[in-house]
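Observations on the three-dimensional arrangement
Here is what each chain is made of, one letter per residue.
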Amino acid sequence: MSSRDSLPETGADDPGFGLYVHWPFCQSKCPYCDFNSHVRESIDQDRWRQALLRELEHFAKRTAGRRLTSVFFGGGTPSLMAPETVGALLDVLPRYWQLDSNLEVTLEANPTSTEAGKFAAYRTAGVNRLSLGVQSFDDNALAFLGRRHSAAEAREAIALARRHFPRFSFDLIYARPEQSLASWEAELKSALQEGTEHISLYQLTIEPNTVFHGDWRRGELELPPEDCQAQLYECTADILKPAGLEGYEISNYARPGAESRHNLVYWRHGDYVGIGPGAHGRLSFDGARYALRQHRAPEAWLESVESQGHATRAENALTLEERLTERLMMGLRLAAGINRATVEAEQGRSLEALVDPARLKALCEAGYLELTPQRLRALPAGRQRLDALLGYLLG
């Protein structure tokens, strides 16, 4: 088994160091999507390849010598990238960083037949984990969600992913209008038949500036009531856990050892480089931690990289308060929670001194949080209400 085939060793709290590559193009815009994605009639693949390589080099020089544990091609629709571009980016990595022996290389893909036809080429390029945007195994739901594939195509793409990649995952969206508990249970059980080691399950949310947001404002779209959404969330773990898929994060379930190593970089407050239009990054230098953001518009990003080697729009040193907020927002999404000693070493104060102790105690007594000498974590009831819980704790 080569280093790119190995399963990740997800140490207790080691965040690792990651690279995120954003491909901003899609064949069409899904009505629920608020990501930085754009539809273009044609794309100059050679020009984009060279620009991505150039911005990668810019950030690699600033982080030279670090040990790279994960690479993630996100979007947009990265499976619209030429496999040669993926391969070119992966081929230069050893010039800049030490590559972890268990380097995880994930690429997001849609299950259309056109994109699935490139799976073998992505594998040859060095991708060892595929993340499929299935979203549903129901054709009516796929039509509602604006997806371009059918349920049959999704299953065919999963079979192809299983053949070409040592690891794969897929996404589903639930809490759709009029979705019943029984139909979601049936869909989950159907999903389990695909034998995946990892699955991401996202509640449908109405995001500003999306088609669904306009439908919702006009009263043409209504999500299930909150109590129904809670039931859907709770039944998810009830079905997946006996099948060996543990809920290690609010929306993610995996067999032990099969967690998304790249996403753990985010949730464990690790450093990562972000390249491509609108990509975000977090990098630490000389005791300070910086939040970086690349220019969002594809054409403006391209011109900036070609003229100056990068398209950084913002690079701001985070205050200790901002770093604490990020740690809590991201770390409490994990079932394992946050390493208390790590937070206190960074902040120079005890956890009880960093938040309102009365509110912290109240949340623990209510069964939303658990505080031990080693960790702070959100219990299942707390993870289900994390936004409100954080607002109260940090307010």
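Residues numbered from 1 in each chain as written. Predicted model: local features only at pLDDT ≥ 70, side-chain atom pairs only at ≥ 80, totals over all residues. Heavy atoms only, no water.

1. Quick word on the pattern of salt bridges
Quick reminder of the rule: Whenever a carboxyl oxygen of Asp or Glu lies within 4 Å of a side-chain nitrogen of Lys or Arg, that contact is scored as a salt bridge. Numbering goes from the N terminus for both helices and strands, where a helix is a DSSP run of H or I of at least four residues and a strand is a run of E of at least two. A simple rule labels every residue: compare its accessible area, found with a 1.4 Å probe on the protein chains alone, to the largest value its type can have, and call it buried under 20%, exposed over 50%, or partly exposed in between.
As enumerated under the stated definition, the model contains 26 salt bridges in all. Here Asp46 and Arg49 are joined by a salt bridge, their closest N and O atoms 2.8 Å apart. Of this pair, Asp46 and Arg49 both sit in helix H1 (residues 45–62), three residues apart, which is roughly one turn of the helix. In this structure, the salt-bridge partner of Arg377 is Glu370, at a minimum N-O distance of 2.7 Å. Judged by its relative accessible area of 24%, Arg377 falls in the partly exposed class.

2. Some thoughts on the layout of surface pockets
Defined as follows: Within this scheme a cavity is a closed region of a 1 Å grid, computed over the protein atoms alone, that accommodates a 1.4 Å probe without allowing it to escape, whereas a pocket is open but has protein on both sides within 12 Å along at least five of seven lines; lining residues each have an atom within 4 Å of a point. Grid points are joined across faces, edges and corners, and a volume is the space filled by probe spheres set on the points. Under the convention adopted here, Pro, Cys and the residues Ala, Val, Leu, Ile, Met, Phe, Trp and Tyr are nonpolar, Asp, Glu, Lys and Arg are charged, and Gly plus all remaining residues are polar.
Put simply, the second largest pocket is a space of about 390 Å³. What lines the second largest pocket is a set of 19 residues, among which Ala237, Glu246, Gly247, Ala335 and Arg383 lie closest to the centre. Of all the secondary-structure elements, those providing two or more residues to the lining of the second largest pocket are helix H9 (226–240), strand S9 (246–249), strand S10 (252–254) and helix H16 (380–383). Tallied by class, residues from the lining of the second largest pocket come to nine nonpolar, two polar and eight charged.

3. Observations regarding the packing of aromatic side chains
As a reminder, the rule being used: Each aromatic pair joins two rings of Phe, Tyr and Trp (for Trp, the six-membered one) with centres within 6.5 Å, and gets the label stacked for planes under 30 degrees apart, edge-to-face for over 60, and tilted for any other angle. For a Lys NZ or an Arg CZ to count as sitting over a ring, it must be within 6 Å of the ring centre and within 35 degrees of the ring normal.
Within this structure, the stated rule accounts for 14 aromatic pairs. Taken together, a centroid distance of 6.3 Å and an interplanar angle of 20° make the contact between Tyr20 and Phe72 stacked. One end of the pair, Tyr20, is in strand S1 (residues 17–23); the other, Phe72, is in strand S4 (residues 67–75), and 52 residues separate them in sequence. Look at Tyr20 and you get buried, because its relative accessible area is 14%. What makes Phe72 buried here is its relative accessible area of 8%. Both rings, one in Phe144 and one in Phe212, keep their centres 4.8 Å apart while their planes meet at 25°; by these two values the pair is stacked. Separated by 68 residues along the polypeptide, Phe144 in helix H5 (residues 139–144) and Phe212 in helix H8 (residues 211–217) bring together distant segments of the chain. Taking the relative accessible area as the measure of exposure, Phe212 reaches 3% and is therefore buried. The ring of Phe17 is capped by Arg66, whose NZ or CZ atom sits 4.3 Å from the centre of that ring.

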